[in-house]
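# A closer look at the structure
Chain by chain, the residues:
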There are 2 protein chains.
Amino acid sequence: MTGIDEVARLAGVSTATVSRALSGNGPVSPATRDRVRSAADSLGYVVSSNASSLASGRTRNVGVVVPFLSRWFFSSIVEGAEAALARKGYDLTLYNLGGGEELRRSVFEHFLLRKRVDAVVAVALELTDDEVNRLLAIHKPIVGIGGPIPGVRTLTLDDLSVARLATEHLISLGHTRIAHVGGAVEFDLDFHLASTRRRGFERAMHEAGLPIRDDLYQPADFTINGGYAAGKQLLGRPYDRPTAIFAASDEMAIGCLLAARDLGLTVPHDVSVVGIDDHELSDFFGLTTVAQFPRQQGEMAVDVLMGELMPEPGGPAALTTELPYQLIVRSSTARPAE
Amino acid sequence: MTGIDEVARLAGVSTATVSRALSGNGPVSPATRDRVRSAADSLGYVVSSNASSLASGRTRNVGVVVPFLSRWFFSSIVEGAEAALARKGYDLTLYNLGGGEELRRSVFEHFLLRKRVDAVVAVALELTDDEVNRLLAIHKPIVGIGGPIPGVRTLTLDDLSVARLATEHLISLGHTRIAHVGGAVEFDLDFHLASTRRRGFERAMHEAGLPIRDDLYQPADFTINGGYAAGKQLLGRPYDRPTAIFAASDEMAIGCLLAARDLGLTVPHDVSVVGIDDHELSDFFGLTTVAQFPRQQGEMAVDVLMGELMPEPGGPAALTTELPYQLIVRSSTARPAE
DNA sequence: ATGAAAGCGCTAACAC
DNA sequence: GTGTTAGCGCTTTCAT
């Protein structure tokens, strides 16, 4: 366990100079910096992050809090954040809230407060005022992904516009009898994502002068399985079958695709399907979708965070940043058959 | 920022006693312990993990290193590990090696060495001697998941037996013309998983006196997409079509299922399909598979690690622990048609 | 059972 | 540009 003083001795300088040379903070002549660097290398010296953090108050570590992990969308965000942090020399400490209320409490009342992190990224979580204030009180910047949190810089997707875009794509193709597979209320926790998308759908229909029919709405649980059941329900009706389905997520949309196949319907001839996300499977299934880019979202969150940790000359960023999205047309949508 | 001395003052004891009372290390009378506890609570005191780590040498944090994150299998392992660690009051710091060789180097030469973690879990990574020694030199226990690493306690799946079991299931149903969709060589990095499974398949065939036909082997890339292409190839042949397919992963098996459908073949009437993993989609597709339990694997790894961090009376555990697996028969396999 | 005090290994004033 | 030194906030001997 080589320490800083061994490096100092080998390089023939003081520990302060070693610290400055290695961290880049403070003036060091190029010559001594090189000397220190090679001394450190030859000893295999790596700073103790604890000692460094204790002395400096900075940990070079950020906490990322997610509601789930083993779902493509969330793990992609984490992956993006991890990559961006690693590039900056930061570590990522992960907190998965999947374990329920009690776990969430302990994460916010203990884990995040023990000064292990410099900042936190909250993914798809509607933080309470209390949770936010606890962190802000100890000067930990927060950035949220997924919906506005009062007093917190957040990256949000304009779900209303995304849903409208998907629906308008169908309308522009000539569809009029369009069904919607939306998120069931019990999944409408974070930021009312499901209901916002539904509103976007309804607004597009309304603007096009098309009727919004309750019988063409099916709630599901955001899974392929749930989408399949909803699709069967919608497409199995003996008359007045919708010519198109807008599902509030790709996984549900893929479920609809499979339901259509099992009913002997051809996509997009008999029914068009559009989703949201650009899930990893969507390309395979030829699903038309409105892509959001979770990996990039994770990276963007880190960028925003870095801006907070090391404020730069330019004015402070806006409190809310809109996330990009993009319609990707594949083979699951077409004009309705005659 | 309440510190330990404020708590000490409020409780009317020394900081040493507060430390002992809160950490549980060292003798404290029940009465004072309660006094300290409530003082800490009322002040909202949480130890500074840095100061604590620096003084004690323990971080209460473990590093988890994975080759990918946004894949169900790996994120499930991480999820399991995170849950188990959280229960013990530990944090999990995540290192994703997806970024290539250089990233891997910096993780092992810097990130993991800066004393931020007490131990590391290496998932599906064939660590080099150098990587192992670096960590062992600073007394960081390692546990691996996924294959034996010399000198490291590892949890391994008996891939040979798993593949044999899957194949024997097909043989016992009466299949004789069985194809194998295996991992392509370029994906055979970690622990030769693909080739081991192929050997398990061949052994089962051999033991049953069945011929191993090269033309009934198709390599793929472990994705649904790749499995689909391989399935098409195998099932599209004009004669001598296999009556069953054993795929080395569920994702590839699902690809085969979809390929069969698209060819107008019925599963399991025209072709049986079996995979390995019990992927989250397998139940939906009715896929027969040999389940492994990634979430549990993550939890087990943590248990082993805890055993190393706080050695208990019982003798030391074995160096290699076999992971459980289980044949799950669903609707994708049946006797071959006449 | 409790307290006093010496560090843990660095960083950041401050002096030169 | 570099060295000296006083902490950062705890834990842990060693006394008592």
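What you see is a predicted model; the values in this text were computed from it and never measured. What you see as residue numbers is a count from 1 along each chain, following the sequence as written. Note on labels: chains are lettered from A, ligands numbered from 1, in written order. With the structure being a predicted model, the display of local features is reserved for residues of pLDDT at least 70 and the display and counting of side-chain atom pairs for 80 or more, all residues being used for whole-chain, interface and lining totals. Heavy atoms throughout the structure, all of them, feed into the side-chain values; hydrogens and water do not.

Strands are treated as partners if at least two bridges between them are detected by DSSP. Think of it this way: any DSSP run of H or I at least four residues long counts as a helix, any run of E at least two long counts as a strand, and we number them from the N terminus. Read from one edge to the other, the open sheet built from 12 strands follows the order 11(A)-5(A)-4(A)-3(A)-1(A)-2(A)-2(B)-1(B)-3(B)-4(B)-5(B)-11(B), with strand pairing classed as mixed. Whereas interior strands pair on both sides, the edge strands pair on one side only; in this sheet they are strand 11 (320-322) of chain A together with strand 11 (320-322) of chain B. Sheet twist, expressed as the average angle between the axes of neighbouring strands with direction ignored, equals 20°. Bridging between strand 4 (residues 142-145) of chain B and strand 5 (residues 153-156) of chain B involves three bridges; their strand directions are parallel. Residue pairing for strand 5 of chain B: Val143(B) is matched across the bridge by Arg153(B). Here a residue-residue contact requires only that any non-hydrogen atoms of the pair lie within 4.5 Å. Each axis is a line fitted through C-alpha atoms, and for a helix only the stretch in contact is used; angles between axes span 0 to 180 degrees, taken between their N-to-C directions. Strand contacts of helix 5 (residues 72-87) of chain A: strand 1 (61-66), strand 2 (91-96), strand 3 (119-123) and strand 4 (142-145) of chain A together with strand 2 (91-96) of chain B, with the helix running at about 160° to strand 2 of chain A, the strand carrying the most contacts. Against the sheet, helix 12 (residues 294-309) of chain A makes contact with strand 1, strand 3, strand 4, strand 5 (153-156) and strand 11 of chain A, and its axis sits at roughly 160° relative to strand 4 of chain A, the strand it touches most.

So, on to the pairing of strand 10 (residues 288-291) of chain A. All names here are of chain A. To sort residues, take the accessible area from a 1.4 Å probe on protein chains only and compare it with the maximum for the residue type: under 20% means buried, over 50% means exposed, and anything in between is partly exposed. By the alternation rule, side chains of strand 10 split into Thr288 and Val290 and Thr289 and Ala291, which are all buried. Examined bridge by bridge, strand 9 (residues 272-277) and strand 10 share four bridges and lie parallel to one another. Considered in strand 10, the bridge of Val274 is made with Thr288. Examined bridge by bridge, strand 10 and strand 12 (residues 326-328) share three bridges and lie antiparallel to one another. Paired with Thr289 across the two strands is Ile328, which belongs to strand 12.

This part is about the protein's contact with DNA strand D. When we say a residue is near a molecule or strand, we mean one of its heavy atoms is within 4 Å of it. Thr17(A), Arg20(A), Ser29(A), Thr32(A) and Ser19(B) are the nearest of the 23 residues found near DNA strand D. Here the atoms of DNA strand D within 4 Å of the protein split so that 63% fall in sugar or phosphate, with bases taking the remainder. Two N or O atoms form a polar contact when they lie within 3.5 Å of each other; inside protein one atom must be a possible hydrogen donor and the other a possible acceptor, and for residues adjacent in sequence the pair counts only when both atoms belong to side chains. With respect to DNA strand D, the backbone of Ser14(A) contributes an N or O atom lying 2.9 Å from a phosphate oxygen. In the model, a phosphate oxygen of DNA strand D is placed 3.4 Å from a nitrogen or oxygen of the Ser52(B) side chain. For the surface near DNA strand D, the secondary-structure elements that each account for two or more residues are helix 2 (15-23) and helix 4 (49-56) of chain A together with helix 2 (15-23) and helix 4 (49-56) of chain B. The nonpolar class holds Ala, Val, Leu, Ile, Met, Phe, Trp, Tyr, Cys and Pro. Asp, Glu, Lys and Arg form the charged class, and all remaining residues, Gly among them, are polar. Taken together, the residues that form the surface near DNA strand D break down as 11 nonpolar, nine polar and three charged.

When the parts of a complex come together, some accessible area is lost, and that lost area is often used as the size of the interface. Residue and element names in this part refer to chain A. Domain start and stop points were drawn from an automatic or database domain assignment. Partitioning chain A into domains gives domain 1 (4-56), domain 2 (61-157 + 295-322) and domain 3 (159-291). For domain 2 and domain 3, the distance between their C-alpha centroids amounts to 31 Å. At the interface, 11 residues of domain 2 touch 11 residues of domain 3. Buried area is understood as the total, over both parts, of accessible area removed when two parts are fitted together, assessed with a 1.4 Å probe. Summing both partners gives a buried area of about 970 Å² for domain 2 against domain 3, and 57% of it is carried by carbon and sulfur. For the domain 2 face of the interface with domain 3, the top three residues by lost area are Trp72, Glu126 and Leu157, together amounting to 63%. Criterion for a salt bridge: a side-chain nitrogen of Lys or Arg within 4 Å of a carboxyl oxygen of Asp or Glu. The interface formed by domain 2 and domain 3 holds zero salt bridges in total. Linking domain 2 with domain 3 are one residue pair in polar contact (both at pLDDT 80 or more). Its residues placed into classes, the side of domain 2 that touches domain 3 shows eight nonpolar, two polar and one charged.

Near DNA strand C you find 23 residues, and of these Ser19(A), Ser14(B), Thr17(B), Arg20(B) and Thr32(B) are the closest. Taken together, the sugar and phosphate atoms account for 69% of what DNA strand C places within 4 Å of the protein. A distance of 3.3 Å is found between a base nitrogen of DNA strand C and a backbone nitrogen or oxygen belonging to Ala51(A). One of the side-chain nitrogen or oxygen atoms of Arg20(B) is found 2.8 Å away from a base nitrogen of DNA strand C. Looking at the surface near DNA strand C, the elements with two or more residues in it are helix 2 and helix 4 of chain A together with helix 2 and helix 4 of chain B. In terms of residues, the surface near DNA strand C owes the most to one element, helix 4 of chain A, which gives four residues. Of the residues that constitute the surface near DNA strand C, the class distribution is 11 nonpolar, nine polar and three charged.

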